[in-house]
Every structure is written in structure tokens, then in C-alpha cells.
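The chain contents come next:
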Amino acid sequence: MQDVVEKVYEQVVARNRGEVEFHQAVHEVLESLDPVIAKHPHYAEGALLERIVEPERQIMFRVPWVDDAGQVHVNRGFRVEFNSALGPYKGGLRFHPSVNAGIIKFLGFEQIFKNALTAQGIGGGKGGSDFDPHGRSDAEVMRFCQSFMTELARHIGPSTDVPAGDIGVGGREIGYMFGQYKRLRNSYDAGVLTGKGLAWGGSLVRTEATGYGAVLFAQSMLSTKGESLEGKKVIVSGAGNVAIYAIEKAQQLGATPITFSDSSGYVVDEAGVDLELLKQVKEVERGRVADYVERRPGARLVTGGSVWDVPGDVALPCATQNELDGDAAATLLRGGCGVVSEGANMPSTPEAVEAFQKAGILFGPGKAANAGGVATSALEMEQNAGRTRWDFATAEAKLTGIMADIHDSCVAAAEEYGRPGDYVLGANAAGFTRVADVMIAHGIV
Ligand code: NDP
């Protein structure tokens, strides 16, 4: 790293003690900026880098709620409004026991550049809580969401900050939060949240968008080598929203996904994942991956090791951050993997990314590859503002176009800065310069 960039990184580490995921995300972006700053030194002037790594606002709040047995619980809520240069803060809410300020900050920081890549006029933010929805009744989830929104409502709005879902937050949770927001404000601001139900302002394709987008990105990367996903064996991690629709799109494009996972283990189904059964188990019954194996002859559940031990041509990490480490990367490469497209945010550790890049395989980083979700959220906002609703084909065509543009922007930026085929540099450089140019235009704010 150049001295000027290194100094900014050291300051981030000193000021945000213990927030290791945030340090990791900042390091990855700043490291990529060396060739950008070398070519355009003005990006390091006016404390631009120092400003871009500092959230505009961080909100942390108490979320008290009562369980079905009458016991009172206290969780912690977060919203980090990181950067509004390009538009209202936009980014999901995560409900998972591992959530803390550092996790939300890493996600918010990534979101700035991801959202810039979509070219849709959205700033970067993220939020969530250390609440664990697993095993909670609908009524408990509802009371938690209402308490969470009671505080969050005063900070968000269709032109201010527009949250969506993430791990542990799907249509059910967005519904409870929207209901509470509407009640508090006495206003039907459909554009205040995305990922809504279709009957109350949601967009077709939003549910599918992140997984579909990650697969479309893999297909675009393969097309630069004259290849496609047709006939390829795909290793998928996760069994949530992103994983399920990554599997669906991969199947549509002629590939064969053979794995998925959750925190209880992973499933190998050599015959190809039975998507209807997986949706039934995960979306309808909210079950565990073992429930799939019980009903699917030939599928096996593995509770030790990692899903990355299974050989395949393409890997789609769709669960969580740092789920794919250097050893897993080496195993994947030995198994013949030639493409990694990140459906999750920062699922590959720095060692894994280095291994993929050294091996010269196609590696699509999350901030580009999983941008389809937020891009379709912006399409939802557009439909809400116009009080209109597009059909599935229209929304999907827009998503496909946006993913192709993101891919091409990454390719062009990687070439401009002298490292053709480096999608990490391409995504960071293209996203950063879009945000930085507007921050400069807005003055010191
Ligand atoms: P879901 O909650 O729908 O699914 C998450 C899946 O990953 C579950 O199967 C979950 O298993 C598994 N998982 C989560 N944490 C862990 C863990 N620590 N160890 C093992 N397994 C884990 O979330 P999404 O599918 O929405 O999100 C997945 C990833 O994609 C996240 O990184 C998210 O930030 C990213 N993303 C999501 C977008 C969206 O539109 N939803 C947009 C862009 C990125 P279990 O149920 O057992 O915990």
C-alpha cells in the first residue's frame, strides 16, 4: 500500500478497535486504490479517503421485547448511515446473534461501493440486531420487529434511508416492520423499505435478485473466456434467500448445483438439488437441511468439514462472511474449480482471495457479484415512486442489464488500471471513483 493509503488504514484500525471485519473490508478497498491514486492523486487530497472510511452517522439503540412466556429480552439495534453522496442510504438489516458494530460497519462500507456500481443513485448504509429469529414464534418475531422499528422509524424515510432484508430478515420481518412504521407515521410511505410483499408495494424479482445476479455475474465472467455455465457442476453454500435463487438461476442456465448448507451442516445431492423440495423445507417450513435429506433418496448430510471439500467447477458462497478460508480455497482449486462468484458479502478471507487470484481463476467479489439484490431494491423504489408495477419479465430484464453493466464496468476499470481480469480491483476502482467524484463535487461535508 502507498504511504498515504497505509496511514488511512492505520487510523481506521486505531479508531475502530476490535472491529476486525470492518478493518478487513477497508483494507481490501484501500489496497485496490494504489493504482487509482497513483494515476489520479487528487483522490487522496481534501482528506477524501479519511472521510470515506468514516460513517456519516451511527445509531445504536436498545430493543426491549417480551417473549411468549412473558419474559423480557433486551437486544441491541444498529443502523450505520455510511455515505449519502449518491443518494439516500440504502442497505439491508441483519438479524443474527453475531451482529455487532464492526459487522454492521463492514457491511455498510461494502455497500457504498456496491451501490455505486449499480449506477442507480443510492448511498450506502446497513443495520440490524443481535436478535436470533431461529426458533422464535411469529408473534415473538413480530413484537421484536415492532420494538426495533419504534426506534429506527425516526431515522429513516424514502428520501433519507431505505433499509431492506439480509440474513435473518425476509418478507415476514419486512412486513412487521413496515406495519409498525406506517402506524407510527400515519403515512403509507411504500418507498421506506424494500423487499416488501407483492400486495403492498413489493417488486417482482426482488426475492430472486441477489442469487440470480450472482449467477449472471458468473456467466458474464465465463463469457470472457468463451465459456458458459452449461454442464458445469456448482458448489453452493447457504440455504437462505441468496443460495436458493442462485441454485434456481444456475439450473435455468444448464448447470447442476449439487450442494447447499446451513449452520447445522451441508448436503451433497449428486443428482442435482431438488429445488422445489429445498424451497418447501427452507421457505415454507423454516426447517433445517437434515429435513431435505430425510425426504430425498441419494442426498447425504455432512456435519463435519466444509462444503468446499466437495469438488466442482463453480463455487457460489452464499452464506456469510469469511466462510471460505485459504485452506478451503486450496481444496476448491485442487478439485478443479475455475469460477467463484460471491453471493454473500465478503465470504472469502483475504488468503482465499489471494489463492484464487494467484491461480488465475475467475473471481467475482461480492460487491459486484451480489449487487443484483440492491439493484432490484432500487427498482422497487422506482416503482413505488411512480405508483406502478412491472411484470416479472420487465423487472428481470432490467436486473440482467444492470448485472451486465456492472460486469463491464469492472472489466473496464481493471484494464484502465493495468490489471485486466482482476475483478477485485475493477469493482473497487469503479465503485470508489463514482462515489469520490460526487463527494468532491459536494465539497467538504
Ligand atoms: P438468509 O438468512 O436467508 O440465509 C443465510 C443462510 O446462510 C442460512 O442458510 C444460514 O444458516 C447460513 N448462515 C448464516 N450465517 C451462518 C454462519 N455463521 N455459519 C453457517 N451458516 C450460516 O440470508 P441471505 O441469503 O439473505 O444472505 C446470505 C448472504 O448474502 C449474506 O452474506 C448477506 O449479507 C448476503 N447478501 C444478501 C442479499 C439479499 O438480498 N438477501 C443482498 C446481498 C448480499 P442458518 O439458518 O443455520 O443460520
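Predicted model, so just to flag it, every value in this text is computed and none were measured.

Rules used in this analysis
- In every chain, residue numbers begin from 1 and rise along the written sequence.
- Where totals are concerned, whole chains, interfaces and linings use all residues; where local detail is concerned, this predicted model gives features only for residues with pLDDT of at least 70, and gives and counts side-chain atom pairs only at 80 or more.
- The side-chain figures draw on all heavy atoms in the structure; neither hydrogens nor water molecules are used.
- Segments assigned H or I by DSSP are reported as helices when at least four residues long, segments assigned E as strands when at least two residues long, and all are numbered from the N terminus.
- We take the radius of gyration over the C-alpha atoms and set the globule estimate at 2.2 Å times the residue count to the 0.38 power.
- Residue exposure (1.4 Å probe, protein chains only): buried if accessible area is under 20% of the type maximum, exposed if over 50%, otherwise partly exposed.
- Here, two residues are considered to be in contact whenever any of their heavy atoms come within 4.5 Å of each other.
- Method for areas: the Shrake-Rupley scheme with a 1.4 Å probe, in which residue coverage is limited to the protein chains shown.
- What makes a residue near a molecule or strand is one non-hydrogen atom of that residue sitting within 4 Å of it.
- For this scheme, ten residues count as nonpolar: Ala, Val, Leu, Ile, Met, Phe, Trp, Tyr, Cys and Pro. Four count as charged, namely Asp, Glu, Lys and Arg, and the remainder, Gly too, count as polar.
- If DSSP finds at least two bridges between two strands, the strands pair.
- pLDDT: the predictor's confidence for each residue, scored from 0 to 100.
- Helix axes use the C-alpha atoms of the stretch in contact, all axes being lines fitted to C-alpha atoms, and the angles between their N-to-C directions lie in the range 0 to 180 degrees.
- Working rule for angles: under 35 degrees goes down as roughly parallel, over 145 as roughly antiparallel, 65 to 115 as roughly perpendicular, anything else as oblique.
- Pairs of cysteine sulfur atoms within 2.5 Å are identified as disulfides in what follows.
- By definition, a salt bridge exists where a carboxyl oxygen of Asp or Glu is found within 4 Å of a side-chain nitrogen of Lys or Arg.
- By definition here, a helix of n residues has an expected span of 1.5 Å times n minus one.
- Bending is quantified residue by residue as the angle between axes fitted to the seven-residue window ending at that residue and the seven-residue window starting at it.
- Only buried residues count toward a nonpolar core, which is a set of Ala, Val, Leu, Ile, Met, Phe, Trp, Tyr and Cys residues joined through side-chain atoms within 4.5 Å.
- Exposure above 30% relative accessible area and no salt bridge define the residues that can form patches, which grow by joining like charges within 9 Å and nonpolar side chains of Val, Leu, Ile, Met, Phe, Trp and Tyr within 5 Å.

Draft legend 1. Examining the overall build of the chain more closely. Regarding its fold elements, the chain presents 17 helices and 13 strands. Taking 2.2 N^0.38 as the reference for a compact globule, 445 residues should give roughly 22 Å; the C-alpha atoms of the chain span a radius of gyration of 21 Å, in line with that estimate. Buried residues in the chain amount to 57% of all 445 residues. Of the contacts made within the chain by residues no fewer than 6 positions apart, 72% connect residues no fewer than 24 positions apart. Accessible surface, the chain: about 17100 Å² in total, of which carbon and sulfur atoms supply 49%.

Draft legend 2. Focus on the site of the ligand. Around the ligand sit 25 residues, and of these Asp 166, Thr 210, Ser 263, Arg 288 and Asn 345 come closest. For the ligand, whose accessible area on its own is 880 Å², the fraction buried by protein is 84%. When residues of the shell around the ligand are traced back to their parent elements, those giving at least two are helix H8 (206-223), helix H9 (241-252) and strand E8 (259-262). Here the residues of the shell around the ligand sort into six nonpolar, 13 polar and six charged.

Draft legend 3. Seen up close, the sheet that holds strand E6 (residues 233-236). As summarised here, the arrangement of the five strands in space is E7-E6-E11-E12-E13, forming an open sheet in which the pairing is parallel. The open sheet is flanked by strand E7 (256-257) and strand E13 (362-364), the only strands paired with a single partner. As defined by bridge partners, E6 adjoins E7 across two bridges and the pair is classed as parallel. Paired with Val 234 across the bridge in E7 is Pro 257.

Draft legend 4. Up close: the confidence of the model for the chain. Looking at the chain as a whole, the pLDDT averages 97, with 100% of positions reaching at least 70. Element-level mean pLDDT values for the chain span from 95 in helix H3 (residues 34-39) up to 99 in strand E11 (residues 314-316).

Draft legend 5. Structural context of the side chain of Asn 384. Among the structural elements, Asn 384 can be located in helix H15 (residues 372-385). The exposure class of Asn 384 is buried, given its relative accessible area of 16%. Beyond its immediate sequence surroundings of up to four residues, Asn 384 is in contact with Ala 190, Gly 191, Lys 196 and Gly 201.

Draft legend 6. Local environment of the packing of H9 against helix H10 (residues 275-284). Where H9 meets H10, the axes come as close as 11 Å, and the angle between the chain directions of the two elements is 170°. On the basis of their axis angle, the class for H9 and H10 is roughly antiparallel. On H10, the residues touching Ile 244, Tyr 245, Ile 247, Glu 248 and Gln 251 of H9 are Leu 275, Leu 278, Lys 279, Lys 282 and Glu 283. Partitioning the contact of H9 with H10 into residue classes produces five nonpolar, one polar and four charged.

Draft legend 7. Examining the state of the cysteines more closely. The final tally for this structure, using the stated rule, is zero disulfides. Here Cys 318 stays free of any disulfide, with the sulfur of Cys 337 as its closest cysteine sulfur at 13 Å. Between Cys 410, a free cysteine, and Cys 318, which holds the nearest cysteine sulfur, the sulfur-to-sulfur gap is 17 Å. Judged by its relative accessible area of 0%, Cys 410 is buried.

Draft legend 8. Summary view of the pattern of salt bridges. Under the definition given, this model contains 26 salt bridges. A salt bridge links Asp 68 to Arg 143, with the shortest nitrogen-to-oxygen separation between them at 2.7 Å. Remark: Arg 143 occurs in helix H6 (residues 138-152) and Asp 68 occurs in the loop between strand E1 (57-66) and strand E2 (72-83); sequence separation between them is 75 residues. Across the pair Glu 285 and Arg 295 runs a salt bridge whose closest N-O atoms are separated by 2.7 Å. Pair noted here: Glu 285 is in the loop between H10 and helix H11 (289-294) and Arg 295 is in the loop between H11 and strand E10 (300-302), with a separation of 10 residues, a long-range link.

Draft legend 9. Up close: the sheet that holds strand E9 (residues 265-268). Strands sit in the order E8-E9-E10 across an open sheet of three strands; the sheet is antiparallel. Edge positions in the open sheet fall to E8 and E10, since each of these has one partner strand only. In this sheet, neighbouring strand axes are inclined to one another by 25° on average, regardless of whether the strands run parallel or antiparallel. Pairing geometry for E8 and E9, over four bridges, is antiparallel. Within E9, the position partnered with Ser 261 by the bridge is Tyr 266.

Draft legend 10. Layout of H8. Between its first and last C-alpha atoms H8 spans 25 Å; for 18 residues at 1.5 Å apiece the expected length is 26 Å, and the two agree. At Tyr 212, H8 shows its maximal bend, which comes to roughly 30°. Judged by how many residues are buried, H8 sits mostly within the fold: 15 of 18 residues are covered.

Draft legend 11. Quick look at the nonpolar core. The biggest cluster of nonpolar side chains holds 93 residues, and the ones touching the most others in it are Phe 109, Phe 217, Phe 260, Tyr 292, Ile 406 and Phe 432. Not counting chain neighbours up to four residues away, the residues in contact with Tyr 292 comprise Phe 260, Val 267, Asp 269, Gly 272, Val 273, Asp 274, Leu 277, Leu 278, Val 281 and Ala 299. Membership of the second largest hydrophobic core comes to 22 residues, among which are Ile 59, Phe 61, Phe 144 and Ile 156.

Draft legend 12. The arrangement of a nonpolar patch on the surface in detail. Taken together, the side chains of Val 66, Val 72 and Val 74 present a nonpolar region at the surface, about 260 Å² in accessible area. Structurally, Val 72 can be placed in strand E2.

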